[in-house]
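Residues per chain are reported as follows:
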Amino acid sequence: MTKLCVANWKMQGNLTQIVAAFNYYQNHVEINKTNIVIAPPNIYLSTIKLLTTDKNNPIKFKIGAQDLSRFANNGAYTGEISGAMLQELGIDYVIIGHSERRELLLETDTILLAKIKNCRHNNMIPIFCIGENLLVRENKQYLTFLQIQLDLLTQVNDLNQIIVAYEPIWAIGSGVTPTLGEIDQVTDFILEYMQKILPCVKITILYGGSVNSKNAQSILTIKNLGGVLIGSAALNNQEFLTICSYA
Ligand code: PGA
């Protein structure tokens, strides 16, 4: 099974670096394929779109946005970027519910729900991030915690497809990853639970948190796992290429 590799650049890089990286992606077959998704900071999306229209060397990888507005229609919402604007640019995926936005931008379930709906109404695929903190993990309450986060999805009426990224907060940017057995357990749990609450929705499950070129190959062997979400390791082109070569 081909697996997804999603690169989340977060608020990093600058125009020169990002254009250079996209040229690199376009020119390397390990990355320039349809199961690779790159999410640069939103401000660079239109530049990237304009620079990657070479008919002789078309891009095959997909482009994701790191966020979209909670407001459904264009209007007087200073600083916001609507789902329609992203869709017009040909964006395929939107990351929603990342723990950094939940914690630092105070995004609540109500906000996340509105964002998922906007994403769907504009025919983009949500990459919905869930994951427990260390305390919840150590108290062995993580499955219940994840279940509650997943329950939000039952409120999206027309959901037909979703990517759920399991990103334990304690693994993000820490260099620590769960064991393969632990990722496997959560992957199967999410799959079974989603089949129970939303049996008609096509679901893909990703793992994210300190994925790098050394651990990606074994993580990607996990049977029901559909791919990985990569943060810091994706900022190094060679490192990212190695990860993508396993997918
Ligand atoms: P990391 O970030 O790979 O740097 O741990 C992953 C993420 O936050 O998506």
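Above: the structure in question.
In this report, we go over the structure that sits alongside the text. (Residues numbered from 1 in each chain as written. Predicted model: local features only at pLDDT ≥ 70, side-chain atom pairs only at ≥ 80, totals over all residues. Heavy atoms only, no water.)

## Some remarks on the packing of aromatic side chains
Applying the stated criterion across every chain, the model contains 7 aromatic pairs. Here the aromatic cluster, defined as three or more aromatic residues joined through ring pairs, consists of F22, Y25, F61 and F240. The side chain of R137 reaches across the aromatic face of Y142, ending 3.6 Å from its centre. (Phe/Tyr/Trp six-rings, centres within 6.5 Å; stacked < 30°, edge-to-face > 60°. Lys NZ or Arg CZ within 6 Å of the ring centre and 35° of its normal.)

## Points about the pairing of strand β2 (residues 36-39)
Neither face of β2 is open: one carries I36 and I38, the other V37 and A39, and all of them are buried. Here 4 bridges tie strand β1 (residues 4-8) to β2, and the two strands are oriented parallel to one another. Across the sheet, V6 pairs through a bridge with V37, a residue of β2. In this fold, the crossover linking β1 to β2 by way of helix α1 (residues 15-26) has right-handed handedness. Following the backbone out of β2, through helix α2 (residues 45-51) and into the adjacent parallel strand β3 (residues 62-65), one traces a crossover that is right-handed. (Buried < 20%, exposed > 50% of the residue type's maximum accessible area, 1.4 Å probe, protein only. Helix = DSSP H or I, 4+ residues; strand = E, 2+ residues; numbered from the N terminus. Pairing = 2+ DSSP bridges. Right-handed = clockwise from strand over helix to strand, strands pointing away.)

## Brief notes about the sheet that holds β2
One key point about sheets: their strands pair by backbone hydrogen bonds, in either a parallel or an antiparallel sense. With parallel pairing, 8 strands are arranged side by side around a closed barrel as β1-β2-β3-β4-β5-β6-β7-β8. In this sheet, neighbouring strand axes are inclined to one another by 25° on average, regardless of whether the strands run parallel or antiparallel. When β1 meets strand β8 (residues 227-230), the two strands line up parallel, connected through 4 bridges. By the bridge assignment for β8, C5 is matched with V228. (Axes fitted to C-alpha atoms, helices over the stretch in contact; angles between N-to-C directions.)

## Thoughts on the packing of α1 against helix α10 (residues 237-245)
Axis separation between α1 and α10 bottoms out at 11 Å; the angle between their running directions is 35°. Crossing of α1 over α10 shows right-handed handedness. Within the contact between the two elements, α1 uses A21, Y24 and Y25 and α10 uses N237, Q238, F240 and L241. A per-class count over the contact of α1 with α10 returns 5 nonpolar, 2 polar and no charged. (Left-handed = near helix turned anticlockwise from the far one by under 90°. Contact = heavy atoms within 4.5 Å. Nonpolar A, V, L, I, M, F, W, Y, C, P; charged D, E, K, R; others polar.)

## What about the pattern of salt bridges?
Counted under the stated rule, the structure contains 7 salt bridges. Residue R101 is joined to E107 by a salt bridge in which the shortest nitrogen-to-oxygen separation is 2.9 Å. Residue class for E107 comes out buried when judged on its relative accessible area of 8%. Here the residues in one salt-bridge network are D67, R101, E107 and K115, joined through shared partners. (Salt bridge = Lys/Arg side-chain N within 4 Å of Asp/Glu carboxyl O.)

## Considering the layout of surface pockets
Taken as a whole, the largest pocket encloses approximately 630 Å³ of empty space. Listing elements by their share of the lining of the largest pocket, those giving two or more residues are α4 (99-104) and α5 (109-121). Tallying contributions element by element places α4 first for the lining of the largest pocket, with 3 residues. When the residues that make up the lining of the largest pocket are grouped by side-chain class, the tally is 9 nonpolar, 7 polar and 8 charged. (1 Å grid on protein atoms, 1.4 Å probe; cavity = no way out; pocket = protein on both sides within 12 Å on 5 of 7 lines; lining within 4 Å. Points joined across faces, edges and corners; volume = space filled by probe spheres on them.)

## Things to note about the pairing of strand β6 (residues 161-166)
Most of β6 is tucked away, with 5 of its 6 residues classed as buried. Inspection of the sheet shows strand β5 (residues 125-130) paired to β6 by 4 bridges, in the parallel sense. Bridge pairing links C129 to A165 in β6.

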